Amino acid sequence: MADSDHKRATAEDAVLRYLENHHEITDSLLFAAEVKLNPDDIANAIKSLHGHGYVDKQEITKETWLLTEEGKTYAVRGSPEMQLFLSIPPEGITIDELQKKFDESSFKIARAQAAKNKWVDFGKQLVTRRIQHVDNDKVQTLLLRIQDRKENVSTLDISQEDIKSLTKRKLISLQVKKLFSVRRGPNYAPERKKVATDLTRDMLQSSDWKNMEFKEFNLNAKGAPTEHGCLHPLLKVRKQLKDIFLQMGFAEMPTNNYVESSFWNFDALFQPQQHPARDSHDTFFLKVPSTTKELPEDYVERVKRIHESGGHQSRGYGYDWKREEADKSLLRTHTTAVSSRMLYSLAQDSAQKPFAPKKYFSIDRVFRNEAVDRTHLAEFHQIEGLICDRGLTLGDLIGVLEDFFSRLGMSDLKFKPAYNPYTEPSMEIFGYHKGFGKYVEIGNSGMFRPEMLLPMGLPEDVSVIAWGLSLERPTMILYGIDNIRDLFGHKVDLGLMKKNPICRIGLESD
Ligand code: FB9
């Protein structure tokens with residue numbers, strides 16, 4: 001039995017037992033003190049017993065005047081004004097001499113009240129009595145009667161005016177108590193029937209239910225929590241971002257291959273084979289399968305040539321490009337590897353049919369062999385968007401970025417020149433975050449280089465604008481998570497997964 005149920009059962013037993021030999025509980029508060037039970041438990045028990053007819057109850061409001069600490073002092077020593085009057089000898093006393101007999105606040109109260117009662121005169125130097133005797137210290141008398149009362153003050157024939165005066169002087173305060181008087185009810189019994197919580201088949205068949213009492217429904221009780229699946233915050237934000245891309249007319253790229261060749265991940269992007277990002281300190285290369293199965297050989301030749309000797313007005317890099325380097329298998333370091341596959345496919349299609357502009361996006365995991373810290377793991381989800389069309393400019397890129405990030409609630413973008421091996425020009429993107437009150441880096445972008453696009457076979461006047469960001473950063477900001485291990489990995493608190501709020505991306509950021 002829950003603790004609260006046990007307390008109520010004990011309190012109910014105490015009430016029913018008492019009424020077995022007594023006509024009435026006149027004051028439930030005094031009764032609780034007598035039986036040494038919590039007054040609230042007794043009150044709840046009375047309400048529950050009344051609900052089933054065991055008792056009749058009457059609610060009583062009991063108003064009691066209590067002396068404050070100051071009032072108690074005056075009741076013992078007398079009021080300060082009386083003490084001041086008694087401190088003045090018949091010949092009078094200097095103010096300074098009189099004041100020495102009191103603390104500052106008491107002297108102030110005493111002087112004001114004695115003058116108000118016309119008991120004393122305060123001259124320039126001397127204080128004298130205006131009357132010879134004060135027969136009764138009314139304040140002390142009233143306080144003693146209230147303190148010693150045996151019944152409510154209303155039967156003490158103290159005028160409302162006096163009550164108001166004592167209250168104003170903060171010598172008494174009103175205590176209001178709600179209590180019950182209780183008597184046996186129509187269904188009284190010295191013991192409460194066992195309260196059944198469920199109506200069972202046996203009860204129905206035996207008709208026992210007719211003599212049983214059922215626990216009342218608690219319609220305010222919350223339902224038992226249901227176990228159900230929950231979406232990880234990353235997946236909630238991914239859904240929101242996917243919707244943004246779809247609303248902007250982008251089609252999703254197929255990203256279902258974590259394993260990629262160095263060719264599509266680097267060479268096709270015109271990233272030279274000596275680039276530090278292609279070192280095993282930055283990239284996860286695979287032992288099995290160590291190399292890719294097949295590549296489009298004619299395209300590989302064009303890539304080899306553009307790296308070694310350039311072409312299309314490019315000088316190239318002038319190094320001996322090695323096929324075995326391009327064949328190495330790795331975990332893709334960016335979803336731009338998928339973008340290169342898609343653009344190559346688009347170029348091949350344009351050989352059979354007229355080129356048609358495209359808008360693609362991808363959101364998926366990428367892997368980098370880099371130092372991990374509070375906000376970076378060896379993997380993250382990259383978000384990438386690209387638009388492929390004739391005559392696109394940097395202005396088009398800036399425009400689409402402002403549209404895209406405005407849907408994330410980021411406004412007032414700023415751009416900083418940057419470098420990527422596969423884009424020229426490139427720009428880091430910054431957005432003003434109202435919650436932080438400052439600009440934050442929100443991504444990177446650029447125009448894919450001709451050395452990447454032309455060997456694919458895309459028409460000369462086709463250009464591609466693209467940008468990227470991560471899924472983890474916006475998610476951590478939106479959910480107020482400052483350590484990525486609380487969001488992703490084996491140490492994640494699954495409770496967070498169950499109770500995290502809905503994703504609110506796009507609203508004014510907090
Ligand atoms: O996501 C990043 N920041 C970000 C994004 C959104 C956001 O939303 C607001 C709350 C509403 C807040 C912050 N960044 C990119 C910037 C930084 O976090 C940076 O420190 C970390 N970057 C990652 C790379 O780290 C190794 C984020 C990741 C990133 C960076 C660049 C690209 C993709 C992901 C790219 C690209 C690209 C460029 C040109 C062409 C194609 C792709």
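Cut-offs used in this document
- Residues numbered from 1 in each chain as written.
- Predicted model: local features only at pLDDT ≥ 70, side-chain atom pairs only at ≥ 80, totals over all residues.
- Heavy atoms only, no water.
- Core = buried A, V, L, I, M, F, W, Y, C linked by side-chain atoms within 4.5 Å.
- Buried < 20%, exposed > 50% of the residue type's maximum accessible area, 1.4 Å probe, protein only.
- Helix = DSSP H or I, 4+ residues; strand = E, 2+ residues; numbered from the N terminus.
- Salt bridge = Lys/Arg side-chain N within 4 Å of Asp/Glu carboxyl O.
- Phe/Tyr/Trp six-rings, centres within 6.5 Å; stacked < 30°, edge-to-face > 60°.
- Expected span 1.5 Å × (residues − 1).
- Near = heavy atom within 4 Å.
- Polar contact = N/O pair within 3.5 Å; in protein donor to acceptor, adjacent residues only side chain to side chain.
- Areas by Shrake-Rupley, 256 points an atom, 1.4 Å probe, with all protein chains shown as cover.
- 1 Å grid on protein atoms, 1.4 Å probe; cavity = no way out; pocket = protein on both sides within 12 Å on 5 of 7 lines; lining within 4 Å.
- Sits in = over half its atoms within 2 Å of the grid points.
- Domains from an automatic or database assignment.
- Contact = heavy atoms within 4.5 Å.
- Points joined across faces, edges and corners; volume = space filled by probe spheres on them.
- Nonpolar A, V, L, I, M, F, W, Y, C, P; charged D, E, K, R; others polar.

Engineer: Can you walk me through the nonpolar core in this structure?
Structural biologist: Generally speaking, nonpolar side chains in soluble globular proteins are found buried as a group. Residues Leu-241, Phe-404, Phe-405, Leu-408 and Trp-467 are the most contacted members of the largest nonpolar core, which totals 37 residues. Sorting the residues of this core by element identifies helix H11 (233-247), strand E12 (358-367), strand E13 (379-390), helix H16 (394-406), strand E15 (423-433), strand E16 (438-448) and strand E17 (462-470) as the ones contributing at least two each. Core analysis: the next-biggest nonpolar cluster, separate from the first, contains 31 residues, Tyr-299, Val-303, Trp-321 and Tyr-344 among them.

Engineer: Hey, could you run me through the pattern of salt bridges in this one?
Structural biologist: Opposite charge on two side chains makes pairing possible when the charged atoms of those side chains draw close. Going through the model one piece at a time under the given rule, you end up with 27 salt bridges. Glu-81 is the salt-bridge partner of Arg-169, the closest N and O atoms lying 2.9 Å from each other. Here Arg-169, found in the loop between helix H9 (160-168) and strand E6 (172-184), pairs with Glu-81, found in helix H5 (residues 80-86); they are 88 residues apart in sequence, far enough to count as distant. Assigned by exposure class, Arg-169 and Glu-81 land together as buried. When the shortest N-O distance is used, the salt bridge between Arg-323 and Asp-327 registers 2.9 Å. A residue pair is termed a helical-turn pair when its members lie 3 or 4 positions apart in one helix, as Arg-323 and Asp-327 do in helix H14 (residues 323-327) at four residues. Connected through salt bridges with shared partners, the residues Glu-12, Arg-192 and Glu-213 form a single ionic network.

Engineer: Can you help me understand the packing of aromatic side chains in this one?
Structural biologist: One pair of aromatic rings is described through two measures. These are the centre distance and the angle between the planes. A full pass over the atoms with the stated rule returns 21 aromatic pairs. Aromatic side chains Phe-107 and Phe-122 sit 6.4 Å apart centroid to centroid with 70° between the ring planes, which places their arrangement in the edge-to-face category. Highlighted residues: Phe-107 in helix H7 (residues 104-116) and Phe-122 in strand E4 (residues 120-122), separated in sequence by 15 residues. Assessed through its relative accessible area of 5%, Phe-107 is described here as buried.

Engineer: Got a minute to help me understand helix H15 (residues 336-352) in this structure?
Structural biologist: In an α-helix, one full turn covers 3.6 residues, which means residues spaced three or four apart are oriented alike. A rise of 1.5 Å per residue sets the reference length of H15, with its 17 residues, at 24 Å; its end C-alpha atoms lie 25 Å apart and thus fit the reference within 8%. Those residues of H15 that fall on the buried side of the exposure criterion are Thr-336, Ala-337, Val-338, Ser-339, Ser-340, Met-342, Leu-343, Tyr-344, Leu-346, Ala-347 and Ser-350.

Engineer: Before we go on, may I ask you to explain the site of the ligand in this structure?
Structural biologist: Neighbouring the ligand are 22 residues, the closest being Glu-441, Ile-442, Leu-469, Ser-470 and Arg-473. Residue Ser-470 places a main-chain N or O atom 2.8 Å away from an oxygen atom belonging to the ligand. Protein burial of the ligand: of its 860 Å² of free accessible surface, 88% is covered by the chains. Judged by its atoms lying within 2 Å of the grid points, the ligand is housed in the largest pocket.

Engineer: What is the right way to look at the domain arrangement of the protein in this model?
Structural biologist: By a frequent convention, interface size equals the accessible area lost on bringing the separate parts together. Looking at the protein, the domain boundaries give domain 1 (80-136) and domain 2 (234-258 + 334-498). One C-alpha centre belongs to domain 1, the other to domain 2; they are set 87 Å apart.

Engineer: How should I be thinking about the side chain of Ser-340 in this particular structure?
Structural biologist: Inspection of the secondary structure assignment puts Ser-340 in helix H15. Among the polar contacts listed, one links the side chain of Ser-340 to the backbone oxygen of Ala-337, at a separation of 2.7 Å. The residues touching Ser-340, leaving out its near neighbours within four places in the chain, are Trp-264, Ala-268, Leu-269, Met-452 and Met-456.

Engineer: Where do I start with the layout of surface pockets in this structure?
Structural biologist: To find leftover empty space, one rolls a probe the size of a water molecule over the atoms. Quantified by volume, the largest pocket comes out at close to 1,400 Å³. It is E16 that provides the largest number of residues to the lining of the largest pocket, a total of eight residues. Looking at side-chain class alone, the lining of the largest pocket contains 21 nonpolar, 19 polar and eight charged residues.

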